[in-house]
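Summary of the model geometry
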There are 2 protein chains.
Amino acid sequence: MRQKVLDAAARLFRDKGYAGTTMRAVAARCGIRAASLYHHFPSKDDILAEVFDYGVRRVAAAVRAAVDCLPPSASAHDKVRAAVHAHLESFFVYGDYTASNIRVFGQAPRPVQRKNRGLRDRYEAYWHLLLEEARQRGELRRGVDLSIARLFLFGGMNHTLEWYTASGVSFRELAERYTDLIFHGIGRSDGATA
Amino acid sequence: MRQKVLDAAARLFRDKGYAGTTMRAVAARCGIRAASLYHHFPSKDDILAEVFDYGVRRVAAAVRAAVDCLPPSASAHDKVRAAVHAHLESFFVYGDYTASNIRVFGQAPRPVQRKNRGLRDRYEAYWHLLLEEARQRGELRRGVDLSIARLFLFGGMNHTLEWYTASGVSFRELAERYTDLIFHGIGRSDGATA
DNA sequence: GTCTATATGCCGATAGAC
DNA sequence: GTCTATCGGCATATAGAC
C-alpha cells in the first residue's frame, strides 16, 4: 500500500502540482480515505519528499547500471549514449516520479527541496564525470564548457517529458539522436558556418 | 494596476504553482484586497491565461525583432544565435511570465491551456522555420531531424531558468555557447568518435 | 476602484472506534 | 490498517456600501 500511495501521489503531483494535489485525491486513487494515509506517512510533505527521492534514486541507478554493463572498450561517447538512453527510458518506467521532480521541485516547500537536493546534486555530478571522462580521453573539442553542456543536455532530455508520446520515435532512437546532437550538433562539420 | 496584478500573479504562479497561488496573495502583492481583483479580471483563471499569453507574445516579439534587424547577409547560423540570445534575454525581462508558462502550463486547467496553445504553437513554428532555413541554405548536416533538434534546443534554453543566476555568465555569452552547442556539439569534428 | 462582510466548500491533520 | 467525524483555517467568488 505504501508504494501504491507513492504511485498515486507521484501521478497527481505531476499533473496538479504541489498545492493542487490533495490528500483526499491521493487516497481516492488508492481506494482508501484520506485519514488512512497518515498511517503510512506523517504528512503530505513527507510523501512529496519520498516521491522526489525515489525518482532520483531509480533514474540514477538505471543510468549507472547501463553505463557499468558496457564493455571496457566502450568510448566515452558510447557511455554517454547508454546514459542518455537509460535516463530517457526511466521516464517511461518512473515517469510520474521523474516528472514530479522536474515540474514540482520549484514549488515545493523549502525543507522538501533541501532534503532532495543532495541526491539531485550527486546525480548531476555523475553526469559531469561522464563528460569529463570524454574530455580526458580526447574525444571533445577544446574550449567547450562542460558545465553548460551538461545543463543544456539535461534541459533537452528532461523536456522530452513534455512532448513525448509513445506513438512516435522510440527511446533508443531518441537517445541516439540526442547523443548525436550533443556530440556533433546540427551543423556541417566542414566549417562552412563557423 | 492591471499590469501590477499581472506582474504579481506571474511571480506567484512561478514560485507557488497554479493552486498554490491565491487571489489573496496576488492582491497583497498589489497592496489591495482580494475582492478588488475582480474589478480588473473576471477570475483567477483569466489572470493565468493573460500571464501565459503576455509572456509568449513578448518573447516571440523580442525574438522576431532580433532576427529581423540582422543584415541581409546574415547566415542562418547568425539568425539562430540572435534568436537564442533574444529568447534568453527575455528570461531576464519577462522571466516571471516565461517561467510561469514553462512551469505551470502542465498543471493549468484545460481551458487555460487551450487558450494559450495557439500562441505557443506559432512561436515554435517560427523556430522551426529558422532551422528549416538553415537546412535549405545548406548549413546543416544531412539526416538531422529538425523537429527533435528544435525540441532539444527549447529544452536546453528553457532549462536555463532553473539554474541561471545573474552573477555568472552573461546571456550573450550563453547564447554564443548554446548556439555553438546546437550547431557543432561538444565532440571533435575529425570523426574520431563517430 | 477599493472596501467589508459573507456564502459555500475544500484543505491538512487529528481523535478515537473497530 | 481503515474507518467516521470533526477541528480550525483558507479557498474562490459575490453583494453591496462608499
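The present account deals with the structure reproduced in this document. (Residues numbered from 1 in each chain as written. Chains lettered and ligands numbered in written order. Predicted model: local features only at pLDDT ≥ 70, side-chain atom pairs only at ≥ 80, totals over all residues. Heavy atoms only, no water.)

As a further point, take the protein's contact with DNA strand D. Around DNA strand D, 15 residues are found, and the nearest of them are R33, H39 and H40 of chain A together with T22 and R24 of chain B. A share of 64% is what sugar and phosphate atoms reach among the atoms of DNA strand D within 4 Å of the protein. The backbone of T21 of chain B places a nitrogen or oxygen atom 3.3 Å from a phosphate oxygen of DNA strand D. Within the side chain of T22 of chain B, a nitrogen or oxygen atom sits 3.5 Å from a phosphate oxygen of DNA strand D. Elements supplying a minimum of two residues to the surface near DNA strand D: α3 (34-37) of chain A together with α2 (23-30) of chain B. (Near = heavy atom within 4 Å. Polar contact = N/O pair within 3.5 Å; in protein donor to acceptor, adjacent residues only side chain to side chain. Helix = DSSP H or I, 4+ residues; strand = E, 2+ residues; numbered from the N terminus.)

Least-squares fitting of chain A to chain B yields an RMSD of 0.0 Å, with the superposition described by an axial translation of 0.0 Å and a rotation of 180°. With respect to symmetry, the two chain copies, as superposed, fit the operation of a two-fold axis. Interface overlap between copies is the fraction of interface residues in one copy that are interface residues in the other; for chain A against chain B it reaches 100%, indicating a shared surface. (Least-squares fit on C-alpha atoms with pLDDT ≥ 70 in both. Contact = heavy atoms within 4.5 Å.)

Here the focus is the protein's contact with DNA strand C. If you check the shell around DNA strand C, you find 15 residues, and the closest are T22 and R24 of chain A together with R33, S36 and H40 of chain B. At a separation of 3.3 Å, a phosphate oxygen of DNA strand C approaches a polar backbone atom of T21 of chain A. Between DNA strand C and the protein, one listed contact pairs a phosphate oxygen with a backbone N or O atom of R33 of chain B at 2.5 Å. Breaking the surface near DNA strand C down by element, the ones donating at least two residues are α2 (23-30) of chain A together with α3 (34-37) of chain B. Counted by class, the surface near DNA strand C contains six nonpolar, six polar and three charged residues. (Nonpolar A, V, L, I, M, F, W, Y, C, P; charged D, E, K, R; others polar.)

Residue and element names in this part refer to chain B. On the secondary structure map, D45 appears in helix α4 (residues 44-68). For the pair D45 and L129, spaced 84 residues apart in sequence, the C-alpha separation works out to 32 Å. D45 has contacts with Y18, P109 and V112, leaving out every residue within four places of it along the chain.

On to the nonpolar core. Core analysis: the largest hydrophobic core is formed by 80 residues, its most contacted members being W127 of chain A together with W127 of chain B. Every residue in contact with W127 of chain B, bar those within four places of it in the chain, is listed here: V63, A83, V84, H87, R150, L153, F154 and M157 of chain B. Formed by 27 residues, the second largest nonpolar core is a distinct cluster that contains V26, I47, F52 and Y54 of chain A. (Core = buried A, V, L, I, M, F, W, Y, C linked by side-chain atoms within 4.5 Å. Buried < 20%, exposed > 50% of the residue type's maximum accessible area, 1.4 Å probe, protein only.)

This part is about the interface of chain A and chain B. Across the contact, 43 residues belong to chain A and 43 residues belong to chain B. Together chain A and chain B conceal approximately 4,200 Å² of surface at their shared face, both sides included; 63% is due to carbon and sulfur atoms. Interface area lost by chain A to chain B is led by R141, F152 and I186 of chain A, which between them contribute 21%. Here chain A and chain B share two salt bridges between them. R141 of chain B is the salt-bridge partner of D180 of chain A, the closest N and O atoms lying 2.9 Å from each other. One can count 19 residue pairs in polar contact (both at pLDDT 80 or more) joining chain A with chain B. For the side of chain A that touches chain B, the secondary-structure elements that each account for two or more residues are α1 (2-20), α8 (146-163) and α9 (171-184) of chain A. Per element, the largest residue contribution to the side of chain A that touches chain B is eleven residues, and it comes from α8 of chain A. (Buried area = accessible area lost by both parts, 1.4 Å probe. Salt bridge = Lys/Arg side-chain N within 4 Å of Asp/Glu carboxyl O.)

We now examine the packing of aromatic side chains. This structure, assessed with the given rule, holds 23 aromatic pairs over all chains. Between the aromatic rings of F152 of chain A and Y178 of chain B, the centroid separation amounts to 4.9 Å while the plane-to-plane angle is 40°, which identifies the pairing as tilted. You can see F152 of chain A sitting in helix α8 and its partner Y178 of chain B sitting in helix α9 (residues 171-184), one on each of two chains. Taking 4.3 Å as the distance between ring centres and 20° as the angle between the ring planes, the aromatic pair formed by Y164 of chain A and F171 of chain A counts as stacked. Pair check on accessibility: Y164 of chain A and F171 of chain A agree, each one buried. Among the aromatic side chains, those forming a connected cluster through ring pairs are F92, W163, Y164 and F171 of chain A. Across from the ring centre of Y18 of chain B, 4.6 Å away, lies the NZ or CZ of K44 of chain B, which sits over that ring. (Phe/Tyr/Trp six-rings, centres within 6.5 Å; stacked < 30°, edge-to-face > 60°. Lys NZ or Arg CZ within 6 Å of the ring centre and 35° of its normal.)

The next subject is helix α8 (residues 146-163) of chain B. Residue and element names in this part refer to chain B. Between its first and last C-alpha atoms α8 spans 26 Å; for 18 residues at 1.5 Å apiece the expected length is 26 Å, and the two agree. The buried fraction of α8 amounts to 14 of the 18 residues, a majority that puts the element mostly inside the structure. Capping the start of α8, D145 holds a side-chain oxygen 3.0 Å from the backbone nitrogen of S147, two or three residues further along. (Expected span 1.5 Å × (residues − 1).)

Residues spaced three or four apart along an α-helix point in a common direction, a consequence of the helix completing one turn every 3.6 residues. All names here are of chain A. Look at α1: only 21 Å from first C-alpha to last across 19 residues, short of the 27 Å you get at 1.5 Å a residue. R14 marks the point of greatest bend in α1, at about 85°. Those residues of α1 that fall on the buried side of the exposure criterion are V5, L6, A8, A9, A10, L12, F13, R14, G17 and Y18. Tucked into the core, α1 has its buried residues touching α2, α3, α4 (44-68), α6 (95-104) and α8. (Bend = angle between axes of the 7 residues up to and from the residue.)

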